[in-house]
Amino acid sequence: CTLSPIEPPIREPLGDALSMSLRRRLMTLLLPVLLVLVTVWLVMQLFADQPQVEVQPSAERVWPVETVAIVRGQYQSVLNLRGFVEAPRSAQIRAAVAADVVEMPVREGVLVEAGEGLVRLDATELDLTVRQREADLADLEARLDLEQQRIANDRESLVIEDELLALTRSELLRVQNLATDEYSSQADVDRVRRSLQQQVLAVNARRLAVGGADARLAQARAAIARAEALLAQARLDRDRALIRAPFAGRVASVAVAPGDRVTPGVELLRLYDVHSLEIRAPVLRTHLPAVRAALTDGALPGTAEVDGQHFPVSLSRLGGESAPGRGGIDALLTIE
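Residues numbered from 1 in each chain as written. Predicted model: local features only at pLDDT ≥ 70, side-chain atom pairs only at ≥ 80, totals over all residues. Heavy atoms only, no water.

Concerning the packing of aromatic side chains
Consideration 1: All told, the structure shown has zero aromatic pairs when counted by the stated rule.
Consideration 2: Directly above the aromatic system of Phe247 lies the positively charged group of Arg89, at a separation of 4.6 Å from the ring centroid. (Phe/Tyr/Trp six-rings, centres within 6.5 Å; stacked < 30°, edge-to-face > 60°. Lys NZ or Arg CZ within 6 Å of the ring centre and 35° of its normal.)

Structural notes on helix α4 (residues 213-239)
Consideration 1: Over its 27 residues, α4 extends 39 Å from the first C-alpha to the last, a length consistent with the 39 Å expected when each residue adds 1.5 Å.
Consideration 2: Every buried residue of α4 is accounted for by Ala213, Leu217, Ala220, Ala223, Ile224, Ala227, Leu231, Ala234 and Asp237. (Helix = DSSP H or I, 4+ residues; strand = E, 2+ residues; numbered from the N terminus. Expected span 1.5 Å × (residues − 1). Buried < 20%, exposed > 50% of the residue type's maximum accessible area, 1.4 Å probe, protein only.)

Some details on the pattern of salt bridges
Consideration 1: Applying the stated criterion across every chain yields a total of 15 salt bridges.
Consideration 2: Taking the shortest distance from any N to any O, the salt bridge between Arg143 and Asp139 comes out at 3.3 Å. Here Asp139 and Arg143 lie together in helix α2 (residues 124-180), a separation of four residues that amounts to about one turn.
Consideration 3: The class for Arg143 is exposed, based on a relative accessible area of 53%. (Salt bridge = Lys/Arg side-chain N within 4 Å of Asp/Glu carboxyl O.)

Points about the sheet that holds strand β10 (residues 278-284)
Remark on secondary structure: sheet strands pair via backbone hydrogen bonds, oriented parallel or antiparallel.
Consideration 1: Strand order in this open sheet of five strands is β1-β10-β13-β12-β11, and the pairing throughout is antiparallel. Unpaired on one side and paired on the other, β1 (84-86) and β11 (300-306) mark the two borders of the sheet. When strand polarity is set aside, the average angle formed by the axes of neighbouring strands in this sheet is 45 degrees.
Consideration 2: On top of the sheet, helix α5 (residues 288-295) reaches β10, β11, β12 (309-318) and β13 (328-335); it is set at about 85 degrees to β12, its chief contact. (Pairing = 2+ DSSP bridges. Axes fitted to C-alpha atoms, helices over the stretch in contact; angles between N-to-C directions. Contact = heavy atoms within 4.5 Å.)

What about the nonpolar core?
Consideration 1: Of all hydrophobic cores here, the largest spans 23 residues; its most connected members are Leu118, Val119, Leu121 and Leu269.
Consideration 2: Going through the elements one at a time, β2 (90-94), β3 (99-103), β5 (117-121) and β9 (267-272) are the ones with two or more residues in this core.
Consideration 3: Not counting residues up to four positions away in its chain, the partners in contact with Leu269 are Ala91, Gln92, Ile93, Met104, Val106, Leu118, Val119, Ser253, Val254 and Ala255. (Core = buried A, V, L, I, M, F, W, Y, C linked by side-chain atoms within 4.5 Å.)

Below, the structure written as structure tokens:
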């Protein structure tokens, strides 16, 4: 066998090992310092790039003072109130008949004159009702004429019936005398007596008819008066198919449209009078004694500002009640 010589182990010099360890420790100490220096440099660059703000010197605070010259004289107190405009005279226009809405010539917010048409309803059914009432009235008037003719005939017939009754009594008296002298039979007497009784019944019936003539005429005239009233009501309903403005004003709201079916009492629109507007403003209880004392001398003049415009107003009265939880009473100012 061949034996190779054993090589001795390689060993680093002691000086090189110490220098590497020293370098590592030095790097460990210098790295944080380097990072701090870089950070400081970056911050300085940011502050250097920031715009420079000029420092304004602080001004001394000035207190404004206004002087007013006192002038001797008589002045009135002024009370500022905040309120709202209302219309005490407003109307809810409602339908008086059952019909279909045909036309609505007005719109919300428009001004209308007194008597101007607001809503037009279909009057076809109302015209038919008027024609029916006219026919009923004509029928009753014809019955009244017929009744008057019947009464005149009954009165003439009563005179004739009385004459026939008198003749029948005379005939019965003659037959009885003849029967007494045996010139007539008892059968003839009974026949004439029967005729007399029938004539009495006819006269009584005719007198009853004549006596009730006034009552029948009164009934006929009452029926005619009722028919005339129904006809007038039907014509009034037909006229109500065209609804007109009761006064000049502004349309506040419209509740129906063409094609709607309305019944009596249904609201069609609301209208308020623009010439009777008032301003309602609450007055605190602290000011009420002074306001009441001033009202004893008459209305209080004032000025109202509405939408940037000024209007003369007058305070003539206060509200009649104070709602719970409110600290005063409403003042009602009339716009002149």
